[in-house]
Amino acid sequence: MRDIYNRRVDYMRISVTDRCNLRCFYCMPEEGVCKMNHRDVLRYEEIIRVVREGAGLGISRIRLTGGEPLVRPGIVSLVREIRGVEGIEEISLTTNGLLLKDMAANLKHAGLDRVNVSLDSLVPEKYKEITRGGDLKKVLEGICASIEVGLKPVKINVVIMKGINDDEIEDLVKLTRILPISVRFIELMPIGHASQRFKDHYISMDSVMDRIPDLVPDDKVQGGGPAVNYRLPGAMGTVGFIGALSHNFCHRCNRIRLTADGKIKPCLHSDLEVDLRPALREGKGSLGEMLARAIGLKPRRHCMDNEDREEGNRDMYQIGG
Ligand code: SAM
Ligand code: SF4
């Protein structure tokens, strides 16, 4: 389906939980979060109904996210069921990778195509600090397991932050010389919890690129997302840049987001939401019409770069990135 600005919307990101086994400092408060009421969280059968309706409107690609999607029991079966929905051509997953080593093979067999692993540091102590407790070794094992079982391509998402991990840009890029992965640098966004940290730690993608000479453009990376891709000559993998603030890509936006509590967010950066639960649970209204309405509500562009932007009603762990 096309939205009112003639953008083709064919991609749905589904947050399956707001729970997480980490507490990244830019995403969640240290003390943890007030978790969603269990009853509010969509059951898998409800998610499948949304996927089916979405497929009827032209959604062909699904990404599972969270919170941490791998902490929700039964996630492998959800992948299998989505795989069976007619019209869905690709299923991907965004994860912190902690549980990936043991789950990668089952996810692949269930029909997962590819995976994005979030990894902001290659220094064990720093990784632990950023994530408030994460074990880097487990994430690296998860990445290797994903490559081994053939989840392809494996992408590594790095939120790059001044004074925190910008000294690791070169080391992260070097990984692409020896591994068939795509390392993607992402600008810190002033969303929810990150808003307070934003001024101190934001770096633009141009300044990140300036630190990596020798890159040559590469337009063959799979996914069709917002990243602009490059490669070091002779490297096995690629390097991507996602500058949501400095290089606005709203004109190419192709997605809607389903939150774990059943709301469609037409735009990541807007509080606008369409609640699907009345249609899903009480038979009030048509699910397909609600989805089409949400697509119709997509704004022309976000206003994150606006100085007097609103705080926003959700943190990133409640949206899924
Ligand atoms: N737990 C999973 C993970 O970490 O990959 C999935 C959910 S997480 C919210 C999805 C992505 O959002 C992660 O790559 C994370 O680094 C990113 N993220 C969270 N807060 C962000 C922010 N303020 N700006 C940019 N990216 C952010
Ligand atoms: Fe959890 Fe992902 Fe947020 Fe980190 S970025 S706290 S892993 S949801």
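The rules behind each value
Per chain, residues are indexed from 1 in the order of the written sequence. Lettering for chains starts from A, numbering for ligands starts from 1, and both go in the order in which the items are written. The predicted nature of this model means local features are confined to residues of pLDDT at least 70 and side-chain atom pairs, given and counted, to a pLDDT of 80 or more, with totals for whole chains, interfaces and linings taken over all residues. Excluded from the side-chain calculations are hydrogens and water; all other atoms, namely the structure's heavy atoms, are used. Elements are defined by DSSP. Helices are runs of H or I of four residues or more, strands are runs of E of two residues or more, and each kind is numbered from the N terminus. The rule is simple: take the accessible area with a 1.4 Å probe, protein chains only, and divide by the maximum for that residue type; under 20% is buried, over 50% is exposed, in between is partly exposed. The contact criterion used throughout is that any non-hydrogen atoms of two residues lie within 4.5 Å. Accessible surface area values rest on a Shrake-Rupley calculation with a 1.4 Å probe, where residue burial reflects the displayed protein chains alone. Under this rule, positive means Lys or Arg and negative means Asp or Glu; His and the chain ends count for nothing. Where a charge lies is defined by one atom per residue type: Lys uses NZ, Arg uses CZ, Asp uses CG and Glu uses CD. The nearness test applies per residue and asks whether one of its heavy atoms lies within 4 Å of the molecule or strand. Two N or O atoms form a polar contact when they lie within 3.5 Å of each other; inside protein one atom must be a possible hydrogen donor and the other a possible acceptor, and for residues adjacent in sequence the pair counts only when both atoms belong to side chains. Any residue outside Ala, Val, Leu, Ile, Met, Phe, Trp, Tyr, Cys, Pro, Asp, Glu, Lys and Arg is labelled polar, Gly included; the first ten of those are nonpolar and the last four are charged. The criterion is simple. A nonpolar core is a set of buried Ala, Val, Leu, Ile, Met, Phe, Trp, Tyr and Cys residues joined through side-chain atoms within 4.5 Å. Pairing between two strands is assigned when DSSP locates at least 2 bridges connecting them. Interaxial angle, 0 to 180 degrees, is taken between N-to-C directions of lines fitted to C-alpha atoms, where a helix line uses only the stretch in contact. Whether two aromatic rings pair depends on their centres lying within 6.5 Å, for rings of Phe, Tyr and Trp, where Trp uses its six-membered ring; planes under 30 degrees apart make the pair stacked, over 60 edge-to-face, and the rest tilted. Any Lys NZ or Arg CZ found within 6 Å of a ring centre and within 35 degrees of that ring's normal is scored as a charge over the ring.

Looking only at helices and strands, the protein has ten helices and twelve strands in total. Along the longest, intermediate and shortest principal axes, the C-alpha atoms of the protein span 55 × 45 × 40 Å. Counting across all 321 residues of the protein, residues that qualify as buried make up 58%. Long-range pairs, those at least 24 residues apart, make up 73% of the contacts in the protein between residues at least 6 apart in sequence. Total accessible area on the protein is roughly 14,200 Å²; 49% of this is exposed by carbon and sulfur atoms. Positive and negative charge centroids in the protein, built from 49 and 46 side chains respectively, lie 4 Å apart.

Here the focus is the site of ligand 1. Taken together, 18 residues form the shell around ligand 1, and within it Tyr26, Gly67, Glu68, Ser118 and Met189 come nearest. In the model, a nitrogen atom of ligand 1 is placed 3.0 Å from a nitrogen or oxygen of the glycine 67 main chain. Burial of ligand 1 by the protein amounts to 94% of the accessible area it has alone, namely 550 Å². Along the lines of polarity and charge, the residues of the shell around ligand 1 split into six nonpolar, ten polar and two charged.

The next thing to look at is unusual backbone geometry. Between lysine 152 and proline 153 the backbone carries a cis peptide bond, its omega angle lying at -5 degrees. With respect to the secondary-structure elements, proline 153 resides in the loop between α5 (136-149) and β5 (154-160). Although it is not a glycine, arginine 132 adopts a positive phi angle of roughly 55 degrees.

Turning to the nonpolar core, a few remarks are in order. Core analysis: the biggest nonpolar cluster contains 99 residues, and Tyr26, Leu64, Phe185 and Leu276 have the highest contact counts within it. The biggest single contributor to this core is helix α1 (residues 44-56), with six residues. Non-local contacts of phenylalanine 185, meaning those with residues more than four positions away in its chain, are made with Val158, Ile160, Ile169, Leu172, Val173, Met205, Val208, Ile212, Val239, Gly240, Phe241 and Ile242.

Moving on to the sheet that holds strand β11 (residues 263-265). Reading across from one edge, β7-β8-β9-β6-β5-β4-β3-β2-β1-β10-β11-β12 is the order of the twelve strands in this open sheet, with mixed pairing throughout. Each of the sheet's edge strands pairs with one partner strand only, and the pair in question is β7 (216-217) and β12 (274-275). As defined by bridge partners, strand β3 (residues 90-95) adjoins strand β4 (residues 114-118) across four bridges and the pair is classed as parallel. Residue pairing in the sheet places threonine 95 in a bridge with valine 117 of β4. Along the sheet, helix α2 (residues 75-83) makes contact with β2 (61-65) and β3, crossing β2 at roughly 170 degrees.

A word on the packing of aromatic side chains. Enumeration over the complete set of coordinates arrives at four aromatic pairs. These aromatic residues form a ring-pair network of at least three members: Phe185, Tyr230 and Phe241. When the ring centre of tyrosine 11 is taken as reference, the NZ or CZ atom of arginine 61 above it lies at 4.8 Å.

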